[in-house]
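# Per-entry structural report
Listed below are the residues making up each chain.
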Amino acid sequence: MTVESDLKIVAEQQSTLVFDRFDEDMAFELGRLVREAAKAIGGAVVVGVYLWDRTLFFGATAGATDANRAWVERKVKLVRLTHKASYHYVLERGDKPRLLDPSWALDAKDYAIAGGAFPITVKGIGIVGAAVVSGLDERSDHEIVRSAVAQLLGKGADYLALPKL
Amino acid sequence: MSKQDDMRLIIEQEKALVFPEFDEAIAFKIGVALRDNAIKAGHGIVADVRTWDRPLFYMALPGSTGDNPNWVRRKANTVQRLMKSSYRVVLEKSWDGDFFPPRRGLDNMDFVIAGGSFPVRVRGAGMIGAITVSGLHERDDHRVVVEAIAPHLGIDLGPLALPPLQN
């Protein structure tokens with residue numbers, strides 16, 4: 001398993017996990033699925049489901065802190081900026097420092113380069129928001145969101161799962 | 001039923017609705033109850049559960065807008081500062097308008113006097129957060145919050161319930 005093969009999988013996740021429609025009910029179900037999955041592995045996480053203009057869902061499991069809230073908010077902004085899953089961006093960058101190029105003039109307090117934010121793509125519209133988790137390692141944050149999105153779309157929890165490290 | 005009756009009832013609600021414990025799972029449970037009740041009633045609301053240091057739950061239903069979370073934030077700030085239900089602040093104030101006089105230093109951008117935010121009080125710990133709804137009339141925002149908390153605590157609101165408004 002290589003970075004290249006991971007990148008290919010994540011790109012395919014993103015291009016195929018596409019909603020026909022997305023609304024408040026689906027956001028709630030998505031958040032609920034992530035919470036249940038986190039509880040099942042004893043994970044202390046925060047999960048947020050955001051449209052670009054507003055929050056649709058926010059939840060936490062025991063052990064999560066305000067730091068997780070901040071990570072979630074900063075990871076969402078990276079998806080809005082790049083239109084990529086934040087873990088895709090991480091994999092692309094390799095060992096480069098986890099800071100945006102200074103010429104972009106974007107503050108690290110607003111943008112986190114870390115996996116766990118997955119775009120919400122609606123057919124015919126594009127990326128309308130993101131679902132985000134913080135609390136596990138970044139690959140697991142990404143996967144727990146990917147799995148919940150896949151379930152919501154009826155593709156099954158293991159659809160295009162990344163291999164375990 | 002008068003403003004005084006409402007005030008008296010809300011003080012009793014605040015005394016009765018005290019949590020033996022509170023955590024992320026309870027925040028979620030109450031959030032889900034708020035959501036289920038709102039769907040049943042056809043209410044387009046947002047509901048928020050937070051402790052003073054961080055958010056624990058948020059949800060929005062169809063019909064709510066980007067304006068609602070700003071109301072939630074400002075109502076919860078009012079609860080945090082004055083340590084009472086925001087609807088009690090509404091009923092107790094002696095001036096017109098839904099903002100504080102300038103000398104209070106409670107800017108309208110951050111604090112609003114509007115009902116719908118109820119304190120999370122934990123026995124032995126005090127007031128640690130707030131449960132807030134926005135989207136209805138402020139008296140109903142308050143009512144639906146209280147109606148979601150009471151069953152969790154095994155409390156029959158009964159005589160503590162705010163009666164329907166009469167015209």
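Anything mentioned here points back to the structure above.
Structure report, in brief. This structure is a prediction, so every number in the text was calculated from the model and none was measured.

The rules behind the values
- Residues numbered from 1 in each chain as written.
- Chains lettered and ligands numbered in written order.
- Predicted model: local features only at pLDDT ≥ 70, side-chain atom pairs only at ≥ 80, totals over all residues.
- Helix = DSSP H or I, 4+ residues; strand = E, 2+ residues; numbered from the N terminus.
- Rg over C-alpha atoms; globule rule 2.2 N^0.38 Å.
- Buried ≥ 20, exposed ≤ 12 C-beta atoms within 10 Å, placed from the backbone.
- Contact = placed C-beta atoms within 7 Å.
- Pairing = 2+ DSSP bridges.

A few words now on the overall build of chain A. Counting its regular elements, chain A contains 5 helices and 5 strands. Along chain A, helices (α) and strands (β) appear in the sequence α-β-α-β-β-α-α-β-β-α when read from the amino end. For a compact globule of 165 residues, the expected C-alpha radius of gyration is about 15 Å, and chain A comes in at 15 Å, within 12% of that figure. Expressed as lengths along the three principal axes of its C-alpha atoms, the size of chain A is roughly 40 × 35 × 35 Å. Across the 165 residues of chain A, 45% fall into the buried class. Here the contacts in chain A between residues at least 6 apart in sequence split such that 67% fall between residues at least 24 apart.

Moving on, we get to the interface of chain B and chain A. Between chain B and chain A, the contact holds 17 residues from the first and 17 residues from the second. In terms of residue count, the dominant contributor to the side of chain B that touches chain A is strand β3 (residues 54–60) of chain B (7 residues). Sheet topology places strand β3 (residues 54–60) of chain A next to β3 of chain B; 3 bridges connect them, and they run antiparallel. Directly across from F57 of chain A, in β3 of chain B, lies its bridge partner M59 of chain B.

What follows deals with the pairing of strand β4 (residues 117–122) of chain A. Residues and elements named next belong to chain A. With 5 of its 6 residues buried, β4 lies for the most part within the structure. Inspection of the sheet shows strand β1 (residues 18–19) paired to β4 by 2 bridges, in the parallel sense. Residue F19 lies in a different strand from β4, and its bridge partner there is V122. Across 6 bridges, the pairing between β4 and strand β5 (residues 126–134) is antiparallel. Looking at the pairing, V122 lines up with G126 of β5. From the end of β4 to the start of β5, which pair antiparallel, there are 3 residues, and G124 there has a positive phi angle of about 85°.

So, on to the environment of V34 of chain A. Residue and element names in this part refer to chain A. Summarising the element assignment, V34 is placed in helix α2 (residues 24–40). The exposure class of V34 is buried, given the 29 C-beta atoms found within 10 Å. The spacing of V34 and D141 is 107 residues in sequence and 9.7 Å in space, taken between C-alpha atoms. Residues in contact with V34, not counting those within four places in the same chain, are V47, V133, I144, V145 and A148.

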